[in-house]
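Residue-level structural notes
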Amino acid sequence: MDKLKVIIADDHPIVLLGVRELVERDERFCVVGEAVCSKGLIELLEQQPVDLVITDYNMPADSPYGDGLKLVDYLKRHFPHLQVLILTMISNHLILTRLHELGVVGVIQKSQLHTEIQLALKAVAQQSQYRSLEPAKTSVIETTAAIEDRFATLSPKEFEILRLFVAGKSVSDIARSQNRSAKTISAQKISAMRKLDVNSDQDLLAYCLERSIFN
């Protein structure tokens, strides 16, 4: 059986890497391209037939194809056989309902990516819709004061490492730029994540994006 071809679109390198790794664990799928903007996504789709696009809801605004509902509408009109899976941190029910009305195969909350992606891919393989879990009740947005308190516990070096990492730099890249060993940078990154109470790179990115840290 031929594998289903997938393109991933997100303007954050960490997300691209994480989603690719999760998708490629499923032997039914093969990632054939990645894009960091909707213009790049459309160009890839015009080059080859693809079965599934996994795209962030929010993308850079300088593309003629836009993002969000505008992009999804364009995809469904110009690539009617394409299945579209949305990644987002938006929990607005009107937007989520409209996405399903436009024909997306599913919507995944980024904060629940690890627990939902395999369920969503199963739905894609069966050509059925996937309904995302409700945003976890425990993921209530913290107050500004609480966020500031957490970040106040970081050392200046830990803060700078997180800033560079969220910007898309790898641990090796950061180590070279700081003239430190990758082992040292990794240890400081792990220490910072522990202080913020996040357990994975995906959770770290979601934490910072959701709270507009470093933006």
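From a predicted model like this one, the values you see are computed outputs, not experimental measurements.

Conventions used here
- Residues numbered from 1 in each chain as written.
- Predicted model: local features only at pLDDT ≥ 70, side-chain atom pairs only at ≥ 80, totals over all residues.
- Heavy atoms only, no water.
- Helix = DSSP H or I, 4+ residues; strand = E, 2+ residues; numbered from the N terminus.
- Buried < 20%, exposed > 50% of the residue type's maximum accessible area, 1.4 Å probe, protein only.
- Contact = heavy atoms within 4.5 Å.
- Areas by Shrake-Rupley, 256 points an atom, 1.4 Å probe, with all protein chains shown as cover.
- Pairing = 2+ DSSP bridges.
- Axes fitted to C-alpha atoms, helices over the stretch in contact; angles between N-to-C directions.
- Parallel < 35°, antiparallel > 145°, perpendicular 65-115°, else oblique.
- Left-handed = near helix turned anticlockwise from the far one by under 90°.
- Nonpolar A, V, L, I, M, F, W, Y, C, P; charged D, E, K, R; others polar.
- Salt bridge = Lys/Arg side-chain N within 4 Å of Asp/Glu carboxyl O.

As a further point, take the overall build of the chain. Helix and strand counts for the chain stand at 10 helices and five strands. Burial analysis of the chain (215 residues in total) assigns 46% to the buried set. Sequence-distant contacts, at least 24 apart, represent 63% of the contacts inside the chain between residues at least 6 apart. Counting every atom, the chain has about 11300 Å² of accessible surface; 52% of that belongs to carbon and sulfur.

With that settled, the discussion passes to the pairing of strand β4 (residues 83-88). The buried fraction of β4 amounts to six of the six residues, a majority that puts the element mostly inside the structure. Neither face of β4 is left uncovered, since the one carrying Q83, L85 and L87 and the one carrying V84, I86 and T88 both have all their residues buried. In this structure, strand β3 (residues 52-56) lies alongside β4, joined through five bridges in parallel fashion. When the sheet's bridge partners are listed, T55 is paired in β4 with I86.

Read across the sheet, five strands follow the order β2-β1-β3-β4-β5 without closing on themselves; strand pairing throughout is parallel. Whereas interior strands pair on both sides, the edge strands pair on one side only; in this sheet they are β2 (29-35) and β5 (106-109). Taking the axes of each pair of neighbouring strands and ignoring which way they run, one obtains an average angle of 20 degrees across the sheet. Strand direction decides the pairing type here: β4 and β5, joined by four bridges, are parallel. Bridged to I86 within β5 is V107. Helix α1 (residues 13-23) contacts β1 (4-9), β2, β3 and β4 of the sheet and is inclined by roughly 170 degrees relative to β2. Along the sheet, helix α2 (residues 38-47) contacts β1, β2 and β3; its crossing angle with β2, the most-contacted strand, is approximately 130 degrees.

Take the packing of α1 against helix α5 (residues 113-125) next. A packed helix pair is summarised by two numbers, namely the angle formed by the two axes and the spacing between the axes. Across the interface, α1 lies against α5 with an axial gap of 10 Å and an inter-helix angle of 50 degrees. Between α1 and α5, the angle falls in the class oblique. Between α1 and α5 the crossing geometry is right-handed. Touching V19, L22 and V23 of α1 are L113, H114, I117, Q118 and L121, all from α5. Here the contact of α1 with α5 is built from residues that sort into six nonpolar, two polar and no charged.

What follows concerns the pattern of salt bridges. Here the structure, examined in full by the defined rule, presents 13 salt bridges. Here D173 ties to R176 by a salt bridge, and the two come within 2.5 Å at their closest N and O atoms. Of this pair, D173 and R176 are both found in helix α8 (residues 171-178), three residues apart, which corresponds to roughly one turn of the helix. Among the salt bridges present, the one from D201 reaches K189, with a minimum N-O distance of 2.9 Å. Note that D201 is positioned in helix α10 (residues 201-210) and K189 in helix α9 (residues 182-196), a separation of 12 residues in sequence. Judged by its relative accessible area of 32%, D201 is partly exposed. Classification of K189 as buried rests on a relative accessible area of 9%. Sharing partners across several salt bridges, the network here consists of D10, D56 and K110.

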